[in-house]
Amino acid sequence: MKKSINSNWEFFTEKEWIAHLYDHSVNGTKVNIPHTWNNIDAVDEESGYFRGIGYYKKEIFIPLNYKDKDLSLLFEGVNQVATVFINDVEVGIHKGGYTRFIFDVHQYLKFGEQNKMIIKVDNSYDENIAPLSADFTFFGGIYRDVFLEVKNKIHWKKDEYAGATVHINTPNVTKDKASVRFRGHINNTLTTNQTVTLKCKLIAPNQSVVYQSAKKQKLVKSADKEIDETFEINNPLLWNTETPNLYQLHLSIIDEKSGKELDSFISSVGFRWYSFDVKNGFVLNGEPLKLIGTNRHQCFEGLGNALPDELHVRDIKLLKEMGGNFLRVSHYPQDPVVMEMCDKLGILTSVEIPLVNAITETEEFTNNSVHMVKEMIHQNRNHPSVIMWAYMNEILLRPPFKKDKERHKKYLVKVKELTQLLENTVKELDEERYTMNAHHGSGAYHEAEICAIPDIMGWNLYSGWYGGKFSGFEKFLDKYQALYPDKVMMVTEYGADVHADLHSFNPIRFDYTVEYGNLYHEHYLPAILERNFIAGAAIWNINDFHSELRGYATPHINSKGITTTDRTPKDTYYLYQANFLKEPFLKIGDRTWTLRSGQESNGICKQPVVVYSNQEKVTLSVNGKELGEQKVTLGKATFNVPFQDGNNQIVAKSGELLIDMLDIEFRMIPESFTSSDVPLYEINVDLGSTRYYHDKTLNQIWIPEKEYTSGSWGYIGGEAFKVKTKYGSMPASDLEIYGTKNDPIYQTNRMDLEAFKFDVKDGFYTVELHFAELLAKSDKEALAYNLGNDKVEENINERVFSILINDELVEEELNLAKEFGGARAVIKKFQVKAVDGQGIIINCKSIKDKSLISAIRLYKNY
Ligand code: GCB
Ligand code: CA
């Protein structure tokens, strides 16, 4: 029997804990597990998040009759070092935040009484525990379930790496025959010899028993009895990604005298065989199968990594519903329910340990890494979904001694030794699975002679994102194919950052728009499908995920997910559905962009609307007006839609049965403020920007700036702010902007503006000017992935400028950095009267350095 003990723990910070020790009336906070202490500070505006010690305390009643039982505590995951105390005695310590562990606890417990449990958890940096650094947040806490296991004195022996008590595999599988092997130990902790019957049953997916046996086992007192048996069945129903047939294996230990079941082991079994080769890529049950899927990080909006099982389950369903058949469980082993779902839904997996970016050259680091590999394999090997083990991700991304050539060379030798050691460790433990590591797109792995050590060569490629062109992607792969003609490759990562509320009709690199993300994936996908030596690919990532150090348009979040942190799909998700779903599929893209705006031309404004489908052709109508038929290429068709002011009902169709609808509110900007029939309510211009930004909270739409034309609106003079970075010149800053959730509009500026004009009718208006000083010191730690524009600029207090509205001096010698600090959103509202047909004119006067404005909002009062 296994029962969770998740409810009603008391959590203490270290300070609270010390106070509590002196004075027991000092309480902690009531929490339930899963719990993390970083769900808030990992996303707030303070730099960094708490990495240190926390304590969990709970009283638990242990009944008297448990005295005759075998008792253990099972932790599914605690980040990252856990020390367990029962009744103030230390029970054990576990290192590593992503694997399970189990402790025997009988000897520490009092029976028929309350028992005090204390778990000390530490998520500080530890040079001997991987990951040393990585592009994700190391949320601290007991963030996966905790269980008490109650067993009889005779039971399946616990696995030393907290894996399943019985190791099962299927050594020979063909269409006609399949074998099951099970290995374990029956542990007799009684002080007398015993006899039991081991009953084995295999139940088919239709619930019929296809194999059974019963064998007497003599158990010596206080000893283990090894069990290692293999049996065969005929005509197995194979497990594959379309029909993931699962059998159930029951292994019961039955007491000879009473006939009672003493312990049981139940597991699913999937029969499949597979291989990788350069000609066919991946082959499952004799059929080539392109592996298409994603990576996954285990965090969720507001919750950090402390997810209930249901949210893990939901992600695997999301992947299946995308048409995916592969999950790279990266960068660490995940909750057991993830693997269970992959078995059930037919998702093939690769599982890895969190050895990311760099290693430490100590024996302890090596030992911990080997230990993690063993835990990973023991804990996940019974799952038919697992086909690959990995143990390193981009291990040469942050070499610590790069500047000292000799030292660096020595380091590389150490990395190679560790690679070989971990490879050997995997191969000793698992003769079936393939190995694969993921490397970043650099020659370093070839030079260090480590990319060919695992069976499969994994590449994380971002050409056309961090640098280079899209075509750099296939060039890189083809180059490595020539270099290693016998190696199968996997694209272990590819993706581009997308803020789901940013759009552009002229997308460019690093503008974070949905449209740039689309271009990226539309290039990569066919390149992957065309190449047989690429067994498959995993999108980085299924979800936007927490990476505290990141700036960009969504601070603290890596936004390469094809869904957001709360799993709202972005367009890319639909692109993959359109390409991989078998059942008829049709979806209007940009679904969450339900508020648009643009400049009128004869009463309408034409903007593209995208439709995703796996049909040949689709049609579209707007407000009942047919726009004709379009051919679908690579799952997508684009219509140029004439939007009208107000609601626009878009209907997409393919045939009579496939239909999708979307209501889009359009806020038309009159062509001419004085003569157009379209009334002006407001106009929100994002300066220095080519993007549309939909602020969903305020339900506002910001449009790109344009140059002034008479009778209309726009800027005169100045230039868009450009960010010079190690990746080239970027259209937007990646600084987090304080005091706002609308970072994108402040991350672009227009510099040295001469004037901004609105040729509006006479009346009363509110003019809002938005500012953020972007060339200011940031207190952020530099992250390898950040653009590198977060540098301290000298002269930051030197930018001084004045602003006039309709010739009235409204800001005199404004010094943003001095008055508000760097990267802080500043909004100034002005009541303005437009008279005598003069409209509204905003003038900037640079006094020291160049003036800046981030955005301008004009609102008509009356
Ligand atoms: C990578 C890393 C991953 C990062 C990703 C990115 O190659 O393996 O951890 O999050 O790139 O977004 O840059
Ligand atoms: Ca702006």
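Predicted model, so just to flag it, every value in this text is computed and none were measured.

**Q** Talk me through the side chain of Q334; I want residue IDs and the actual numbers.
**A** Tracing the sequence through the fold places Q334 in the loop between β25 (326-329) and α3 (336-345). Judged by its relative accessible area of 4%, Q334 falls in the buried class. One polar contact links Q334 to R296, side chain to side chain, over a distance of 2.6 Å. Polar contacts involving the side chain of Q334 include one to the main-chain carbonyl oxygen of S330, which spans 3.2 Å. Setting aside residues up to four positions removed in sequence, Q334 forms contacts with R144, R296, H297, Q298 and V329.

**Q** Let's hear about the coordination of the calcium ion (ligand 2): which residues, and what values?
**A** Each pair of donors in an ideal octahedron of six around a metal sits at 90 or 180 degrees, and each pair in an ideal tetrahedron of four sits at 109.5 degrees. Around the calcium ion (ligand 2), the protein contributes the donor atoms D686 (OD), L687 (O), I745 (O), T748 (O), T748 (OG1) and S854 (O), at 2.2 to 2.6 Å from the metal centre. Counting residues between consecutive donors of the calcium ion (ligand 2) along the chain gives the motif D-L-x57-I-x2-T-x105-S. Of the two residues, I745 is situated in helix α10 (residues 743-746) and S854 in the loop between β57 (852-853) and β58 (855-860); the sequence distance between them amounts to 109 residues. With relative accessibility at 1%, the residue I745 sits in the buried group.

**Q** Describe the UniProt feature "domain: Glycoside hydrolase family 2 catalytic" (unreviewed entry) in the protein chain, and please don't skip the residues or the numbers.
**A** According to UniProt, the feature "domain: Glycoside hydrolase family 2 catalytic" (unreviewed entry) maps to residues 280-578 in the numbering used here. Counting secondary structure, residues 280-578 comes out at 36% helix and 18% strand; the distance between its end C-alpha atoms is 24 Å.

**Q** Got a sec to walk through the pattern of salt bridges? Specific residues and values, please.
**A** This model, assessed by the stated rule, comprises 39 salt bridges. In this structure, K110 engages E113 in a salt bridge whose closest nitrogen and oxygen atoms are separated by 3.9 Å. Exposure remark for K110: the relative accessible area of 37% places this residue in the partly exposed category. As a salt-bridge pair, R857 and E682 come within 2.4 Å of each other at their nearest N and O atoms. One end of the pair, R857, is in strand β58; the other, E682, is in strand β43 (residues 682-686), and 175 residues separate them in sequence. In this structure, R857 and E682 share a single accessibility class: buried. Ionic contacts of the salt-bridge type, sharing partners, join the residues E665, R667, E682, E768 and R857 into one network.

**Q** Please provide a residue-by-residue account of the confidence of the model for the protein chain, values included.
**A** On average, residues of the protein chain score 96 in pLDDT, and 97% of them reach the 70 mark or higher. Here residues 778-795 scores under 50 on pLDDT; set against residues more than four positions off or in separate chains, the count is 52 contacts.

**Q** Please set out the domain arrangement of the protein chain residue by residue, giving values where relevant.
**A** In terms of domains, the protein chain is made up of domain 1 (2-153), domain 2 (166-269), domain 3 (290-582), domain 4 (583-669) and domain 5 (673-860). Across the contact, 14 residues belong to domain 4 and 16 residues belong to domain 5. Roughly 1,200 Å² of surface becomes buried between domain 4 and domain 5 when both sides are summed, with 58% attributable to carbon and sulfur atoms. Of all residues in domain 4, L595, R667 and I669 give up the largest surface area on contact with domain 5, accounting jointly for 39% of the area buried on that side.

**Q** Quick rundown of unusual backbone geometry? Include the residues and the values.
**A** Each neighbour pair has its own omega, and for I33 with P34 the value is 10°, a cis peptide bond. Examined against the element boundaries, P34 turns out to sit in the loop between β3 (29-31) and β4 (53-62). With an omega of 0°, the peptide bond between A130 and P131 qualifies as cis. On the secondary structure map, P131 appears in the loop between β10 (113-122) and β11 (141-142). Positive phi, close to 45°, is recorded for N87, a residue that is not glycine.

**Q** Report on the sheet that holds strand β50 (residues 750-751), specifying residues and quantitative values.
**A** Hydrogen bonds between backbone groups are what pair the strands of a sheet, and the pairing can be parallel or antiparallel. Strand order in this open sheet of three strands is β47-β50-β57, and the pairing throughout is antiparallel. Of all strands in the sheet, those with a lone pairing partner are β47 (719-720) and β57, marking the two edges. The pairing of β50 with β57 spans two bridges and is antiparallel. Across the sheet, residue M751 finds its bridge partner in β57, namely L852.

**Q** Tell me what's going on with the nonpolar core, and back it up with residues and numbers.
**A** Within the largest apolar cluster, 157 residues are counted, with the highest numbers of intra-cluster contacts made by I683, F756, F758, F771, I840 and I842. Apart from residues no more than four positions distant in its own chain, F756 is found in contact with V685, L687, W713, G714, Y715, I840, I841, I842 and I856. One finds L71, L73, A82 and V146 within the second-largest nonpolar core, a separate group that totals 31 residues.

**Q** Go over the packing of helix α8 (residues 514-530) against helix α9 (residues 571-580) with me, naming the residues and quoting the values.
**A** Between α8 and α9, whose axes approach to 9 Å, the crossing angle comes to 30°. Looking at the two axes, α8 sits roughly parallel to α9. Judged by the twist between their axes, the crossing of α8 over α9 is right-handed. When α8 is examined against α9, the residues V514, N518, H521, E522, L525 and L529 are found in contact with a partner set consisting of D571, T572, L575, Y576, N579 and F580. Among the residues forming the contact of α8 with α9, the class breakdown is six nonpolar, four polar and two charged.

Definitions and cut-offs
- Residues numbered from 1 in each chain as written.
- Chains lettered and ligands numbered in written order.
- Predicted model: local features only at pLDDT ≥ 70, side-chain atom pairs only at ≥ 80, totals over all residues.
- Heavy atoms only, no water.
- Helix = DSSP H or I, 4+ residues; strand = E, 2+ residues; numbered from the N terminus.
- Buried < 20%, exposed > 50% of the residue type's maximum accessible area, 1.4 Å probe, protein only.
- Polar contact = N/O pair within 3.5 Å; in protein donor to acceptor, adjacent residues only side chain to side chain.
- Contact = heavy atoms within 4.5 Å.
- Donors = N, O, S within 2.8 Å, 3.2 Å for Na, K, Ca; no water.
- UniProt positions renumbered as here; feature names shortened; annotations may be inferred.
- Salt bridge = Lys/Arg side-chain N within 4 Å of Asp/Glu carboxyl O.
- pLDDT = per-residue confidence, 0-100.
- Domains from an automatic or database assignment.
- Buried area = accessible area lost by both parts, 1.4 Å probe.
- Pairing = 2+ DSSP bridges.
- Core = buried A, V, L, I, M, F, W, Y, C linked by side-chain atoms within 4.5 Å.
- Axes fitted to C-alpha atoms, helices over the stretch in contact; angles between N-to-C directions.
- Parallel < 35°, antiparallel > 145°, perpendicular 65-115°, else oblique.
- Left-handed = near helix turned anticlockwise from the far one by under 90°.
- Nonpolar A, V, L, I, M, F, W, Y, C, P; charged D, E, K, R; others polar.

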